[in-house]
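Here's the letter readout for the chains.
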Amino acid sequence: MSTRRRSAILALLLLAAASLALTTGATVIDGPADTVAGDRVAIQPADGPNGEYAYLDEDDEIVVDISATNPNLPADFEGVNPDSTGTIEDVFTITYTTDRYAHVWIEHDGDDVTFLVDGEPIEGEANNATLAQNESVAVGLAFDTTGNSVDAQLGADEFSIHAEVAEPEAVADATGSVASPTTTTVRSPNESARVFEATGVDAGESVAFDLDRMALAGTNVTLDGVTVTRTRAGAVDFEATGSPTPFAEAGELDAPAGAAANAYLSLSYDLDPDAVESATFRFSVDPEDLEDRGIDPEDLTLYRRAADGWTEKNVTVIDPETADAEGLDGDRVHFEATTENLSVFAVATHRPRFQVRDAHLADDVVAAGDGTTVNATVANTGGADGERTMRVTLDGEVHASTTVRLESRDETTVSLPVAPEDAGVYQVNVDGRSAGTLAVEAAADGDAEDAAGTADPAGTGDGGGGEGISESGGEAGADETTDAPGGGAPVDEPGGFGLSGAFGLIAGLVVTLAALALARRVPQAR
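Predicted model only: the values in this text are computed from it and were never measured.

Let's talk about the overall build of the chain
Within the chain, the secondary structure is distributed over six helices and 33 strands. With 526 residues in all, the chain has 39% of them scored as buried. Counted over contacts in the chain with a minimum sequence separation of 6, partners at least 24 positions apart contribute 67%. With the model as given, the accessible surface of the chain reaches about 28,000 Å², and the carbon-plus-sulfur share is 46%.

Focus on the sheet that holds strand β23 (residues 315–317)
Spatial ordering of the open sheet is given by β16-β17-β20-β24-β23, a layout of five strands whose pairing is antiparallel. Taken across any chain shown, the strands that pair with only one partner, and hence form the sheet edges, are β16 (206–217) and β23. For this sheet, the mean angle separating the axes of adjacent strands, direction not counted, is 20°.

Considerations on the pattern of salt bridges
For the structure on display, the rule yields seven salt bridges. Across the pair Arg 388 and Asp 431 runs a salt bridge, and its minimum N-O distance is 3.0 Å. Of the two residues, Arg 388 sits in strand β29 (residues 386–394) while Asp 431 sits in the loop between β32 (424–430) and β33 (433–441), which places them 43 residues apart along the sequence. Residue classification places Arg 388 among the partly exposed residues on the basis of a relative accessible area of 34%. One network of salt bridges, in which partners are shared, links Arg 282, Glu 326 and Glu 336.

Describing unusual backbone geometry
Peptide bonds are mostly trans, and most non-glycine residues show a negative phi. Its identity as a non-glycine residue notwithstanding, Asp 60 has a phi of 55°, on the positive side. Structurally, the position occupied by Asp 60 is in the loop between β4 (54–56) and β5 (62–66). By relative accessible area, which is 41% here, Asp 60 ends up partly exposed. Here Arg 213, not a glycine, exhibits a phi torsion of approximately 55°, which is positive.

Quick word on the sheet that holds strand β28 (residues 372–380)
The strand order β26-β28-β31 describes an open sheet built from three strands, whose pairing is antiparallel. A strand with exactly one partner marks an edge of an open sheet, and here the two such strands are β26 (354–361) and β31 (410–418). Neighbour to neighbour, the strand axes of the sheet diverge by 20° on average, direction disregarded. As defined by bridge partners, β28 adjoins β31 across nine bridges and the pair is classed as antiparallel. Each residue of the ladder has a partner; that of Thr 372, found in β31, is Val 418.

Quick word on the environment of Pro 244
Mapping Pro 244 onto the fold places it in the loop between β18 (234–243) and β19 (260–269). When the C-alpha atoms of Pro 244 and Gly 218 are compared, they prove to be 7.9 Å apart, with 26 residues separating the residues in sequence.

Description of the nonpolar core
One finds Leu 216, Leu 223, Leu 265, Phe 281 and Phe 283 to be the most contacted residues of the largest nonpolar core, which totals 35 residues. With six residues, the single largest contributor to this core is β16. With residues up to four places along the chain from it excluded, the contact list for Leu 223 reads Leu 211, Arg 213, Met 214, Leu 216, Leu 265, Phe 281, Arg 282 and Phe 283. Ranked by size, the runner-up nonpolar core spans 30 residues in total, among them Ile 66, Leu 73, Val 91 and Val 137.

Quick word on the pairing of strand β8 (residues 113–117)
In terms of burial, β8 is a largely internal element, four of the five residues being buried. Relative to strand β11 (residues 135–144), β8 runs antiparallel, the two sharing four bridges. Within β11, the position partnered with Val 113 by the bridge is Phe 143. Following β8, the chain reverses through two residues before pairing antiparallel with strand β9 (residues 120–121); Asp 118 in that reversal takes a positive phi of roughly 55°.

A word on the pairing of β33
For a regular strand, the rule is simple: side chains alternate between the two faces of the sheet. The pairing of strand β27 (residues 365–367) with β33 spans three bridges and is parallel. Bridge pairing in β33 places Ala 367 opposite Glu 441. With seven bridges connecting them, β32 and β33 associate as antiparallel partners. What sits directly across from Gly 424, in β33, is Val 440. The hairpin turn running from β32 into β33, its antiparallel successor, is two residues long, and Asp 431 in that turn takes a positive phi close to 50°.

Let's talk about a negative patch on the surface
On the surface, Asp 296, Glu 298, Asp 385, Glu 407 and Asp 410 cluster together into a negatively charged patch. Tracing the sequence through the fold places Asp 385 in the loop between β28 and β29. The partly exposed category is assigned to Asp 385, whose relative accessible area is 44%.

Quick word on the side chain of His 334
Its location among the elements puts His 334 in strand β24 (residues 333–339). A polar contact of 2.8 Å, which involves the side chain of His 334, links it to the backbone oxygen of Asp 329.

Concerning the side chain of Arg 304
With respect to the secondary-structure elements, Arg 304 resides in strand β21 (residues 300–306). Among buried charged residues, Arg 304 stands out as having no salt bridge; its nearest opposite-charge side chain is Asp 308, 6.7 Å away. Dropping the residues within four chain positions of it, Arg 304 is found in contact with Gly 309, Trp 310, Thr 311, Lys 313, Thr 339, Asn 341, Leu 342, Ser 343, Val 344 and Phe 345.

Focus on the confidence of the model for the chain
Per-residue pLDDT for the chain has a mean of 76; in total, 72% of the residues score no lower than 70. A low-confidence stretch, residues 173–179 stays under pLDDT 50, and its non-local contacts, those more than four residues away or across chains, total seven contacts.

Examining the environment of Ala 348
Mapped onto the secondary structure, Ala 348 falls in strand β25 (residues 344–349). The class for Ala 348 is buried, based on a relative accessible area of 0%. Note: C-alpha distance between Ala 348 and Gly 258 (90 residues apart in sequence) is 9.9 Å. Among residues more than four places away in sequence, those in contact with Ala 348 are Leu 253, Ala 259, Ala 260, Ala 261, Asn 262, Asp 299, Leu 300, Thr 301 and Tyr 303.

Here we look at the environment of Thr 316
For Thr 316, the location among the structural elements is in strand β23. Leave out the neighbours within four places in its chain, and Thr 316 touches His 334, Phe 335 and Glu 336.

About the criteria used
- Residues numbered from 1 in each chain as written.
- Predicted model: local features only at pLDDT ≥ 70, side-chain atom pairs only at ≥ 80, totals over all residues.
- Heavy atoms only, no water.
- Helix = DSSP H or I, 4+ residues; strand = E, 2+ residues; numbered from the N terminus.
- Buried < 20%, exposed > 50% of the residue type's maximum accessible area, 1.4 Å probe, protein only.
- Contact = heavy atoms within 4.5 Å.
- Areas by Shrake-Rupley, 256 points an atom, 1.4 Å probe, with all protein chains shown as cover.
- Pairing = 2+ DSSP bridges.
- Axes fitted to C-alpha atoms, helices over the stretch in contact; angles between N-to-C directions.
- Salt bridge = Lys/Arg side-chain N within 4 Å of Asp/Glu carboxyl O.
- Core = buried A, V, L, I, M, F, W, Y, C linked by side-chain atoms within 4.5 Å.
- Patch = residues over 30% accessible without salt bridge, like charges linked within 9 Å, V, L, I, M, F, W, Y side chains within 5 Å.
- Lys, Arg positive; Asp, Glu negative; His and termini not counted.
- Charge placed at Lys NZ, Arg CZ, Asp CG, Glu CD.
- Polar contact = N/O pair within 3.5 Å; in protein donor to acceptor, adjacent residues only side chain to side chain.
- pLDDT = per-residue confidence, 0-100.

What follows is the structure, given as C-alpha cells:
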C-alpha cells in the first residue's frame with residue numbers, strides 16, 4: 001500500500017497595529033514595506049532564501065506563509081512535516097526609522113510557533129529588542145508540529161509588532177555607554193550622489209561606508225568609500241555629490257602651486273561639524289586616463305575649500321600590494337586623504353610650473369657677429385617635477401632655446417647665446433621676461449674699408465685716376481705747350497709715355513700702396 005507524506009500548514013498574518021507615538025524621522029527603506037506606527041516601523045521580507053517564506057499581500061501587509069499557498073514557493077511545496085520541530089532564521093526584518101531608540105517586540109498567541117531574534121524569543125515586552133535609528137533586526141521562527149494533525153494551521157491567524165520609545169537610561173550598559181550596535185545605510189539617488197547614514201556610533205568610533213564608485217568625473221574619478229570618526233556618540237548623516245565642474249558655492253580651484261582640478265566633491269550634512277573628528281575619503285582613478293594625460297599617480301592630490309581659499313590635504317597613494325590585500329580593484333589607482341573639516345573638495349593633479357625669476361645680458365653693446373650671452377634664473381614652483389623649453393627672443397622672434405628639467409620647488413641658472421647678424425637695437429626676452437636691450441654696432445673693419453676707398457691719397461699726382469691726377473695733368477700740359485721747340489708744334493705720340501713717365505707711374509703706385517697699407521694697419525694698432 002502506497003502512502004503519501006502530508007504536511008502541516010504554517011500561515012501567519014501581521015496585524016497592522018502598534019502602540020507607538022514618536023517624532024517624525026527620515027525613512028531610509030528601499031523597496032516596498034509594511035509600515036506601522038506612522039511609518040516609523042517598517043517590516044520587509046528578509047534578503048536570502050528564507051525571505052521567500054514572507055511576502056507582502058495586496059494590502060502591503062506582511063504574510064509569513066510556509067505552505068502551498070505561498071506564491072513564492074514551488075508548486076509541489078506542501079508545508080512543514082508533522083511531528084517535527086525546526087527553526088527558520090531570517091524570514092523578515094523589522095526596521096526602526098526615527099532618531100530615537102525604541103524597544104520592539106512581537107505579540108502572538110500560540111505555543112507551536114515562536115518568533116526569534118538571534119536565536120532568542122522576541123515575544124512579549126520583556127523579551128524586546130532595542131533598536132537605534134534606522135537599525136534593523138532579522139526575525140526568524142521556531143515551530144513544533146508535535147501532536148498536530150495533517151493540514152493543521154500552526155499558530156494564530158495574526159501576530160502584531162509593538163514598539164515604544166526607549167529612554168537613554170533604559171539602553172545604557174554598565175559602563176554608561178549606549179548599548180546598541182552601529183548600523184549603516186547607503187542610498188544611491190544617481191551615479192553621482194550618495195546618501196549615507198549611521199546610527200549608534202560611539203564617541204571615538206569610526207564607521208565606514210562603501211559608496212560603490214560614486215562618479216565624480218564619470219569613471220575617470222570616483223569616490224569609493226568614506227570613513228567617519230565621531231568625537232561624541234550619535235548618528236552620522238551625509239549627502240555627497242560629485243561633479244566634473246566646480247560647484248557655485250566654492251568656485252573653481254585656484255591653487256597656489258598651480259594644481260589642475262580633475263573633479264569636485266560636495267558634502268552636505270545634518271549634524272554639528274564639531275561632532276566629527278575626521279573623515280577619510282578613498283578615491284580611485286582610471287590609470288589609462290592618467291597615462292593619456294601624462295600624469296604620474298604620485299601627483300594626485302586633494303584640496304578643500306576653506307573660508308580663506310583652497311588648502312591642500314595630504315594624500316596617500318595605495319600601492320598595488322596593499323590594494324590587492326584589501327580586495328580593491330587592481331585595474332584602478334587608489335588613493336585616500338583625511339580631513340578634519342567638511343566642505344567642498346577638489347580632486348586635483350600637481351603640475352610643474354616654470355617661471356623666470358631673473359634674466360640679464362652679459363653685454364649691452366656688441367659688434368655685429370661677436371655676440372654675447374643671456375643668463376636666466378629658472379624655477380619650478382609647481383607641485384610636480386617637469387621640464388620646459390626656455391626660448392630667447394629678439395624683438396619677439398625666437399633666437400635660441402634650451403630644455404630645462406627641474407624637480408618640484410627647485411631652480412637653476414641657464415645661459416644662452418645671443419648673436420644677431422645685423423646691426424641694430426634688440427629687445428631680448430627669456431620666456432617672456434625682459435633681459436634688457438642689446439645694441440649691435442656695425443663691424444669696425446667694414447667702416448675702415450669704406451673710408452679707404454673714398455680718400456685722396458697724398459702725393460699720387462701722376463698716373464692717378466682721381467681728381468688730383470686730372471688737375472696735375474692739366475698743369476703739365478700747359479707747360480709743355482709753352483716750352484716746346486718749334487713754338488707749339490705737336491708732341492710726337494701724344495697718347496704714350498716715355499721711360500721717365502713709367503718711372504713716375506711706378507712711383508705713384510708705390511706711394512698709393514704704401515698709403516693703403518698704412519690705412520689698413522691703423523685699426524689693428526688701435
